[in-house]
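# Report on the structure
As a plain string of letters, each chain reads:
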Amino acid sequence: MALGAVGALDGPKWPLIIGGVFAAWFALASAVVRRRGGRGWKAIERAYIATFGWAQWF
């Protein structure tokens, strides 16, 4: 919602940059989990926790 508000007020530049950073971090975390042997939904869950763990989703 915060990115939507920033986009509505200031244009799409910053929401795209911030969203891209989160997407890149999730892709990197997913690659690391897969390389270490993670498979299926468990690998996606671990990458999600690595990306958004600061929000205490675990």
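Structure's up top.
Treat the numbers as computed from the prediction; the structure is a model and nothing was measured.

Structurally, the position occupied by alanine 27 is in helix 2 (residues 13-35). With 20 residues separating them in the primary sequence, alanine 27 and alanine 47 have C-alpha atoms 8.0 Å apart.

Spanning 23 residues, helix 2 covers 33 Å between terminal C-alpha atoms, matching the ideal 33 Å at 1.5 Å per step. The set of residues buried in helix 2 consists of Pro15, Ala29 and Val33. Those residues of helix 2 that are buried lie in contact with helix 1 (2-10) and helix 3 (40-52). With its phi angle positive at about 105 degrees, glycine 37 sits one or two positions after the end of helix 2.

Reading guide: rules and limits
- Residues numbered from 1 in each chain as written.
- Predicted model: local features only at pLDDT ≥ 70, side-chain atom pairs only at ≥ 80, totals over all residues.
- Heavy atoms only, no water.
- Helix = DSSP H or I, 4+ residues; strand = E, 2+ residues; numbered from the N terminus.
- Expected span 1.5 Å × (residues − 1).
- Buried < 20%, exposed > 50% of the residue type's maximum accessible area, 1.4 Å probe, protein only.
- Contact = heavy atoms within 4.5 Å.

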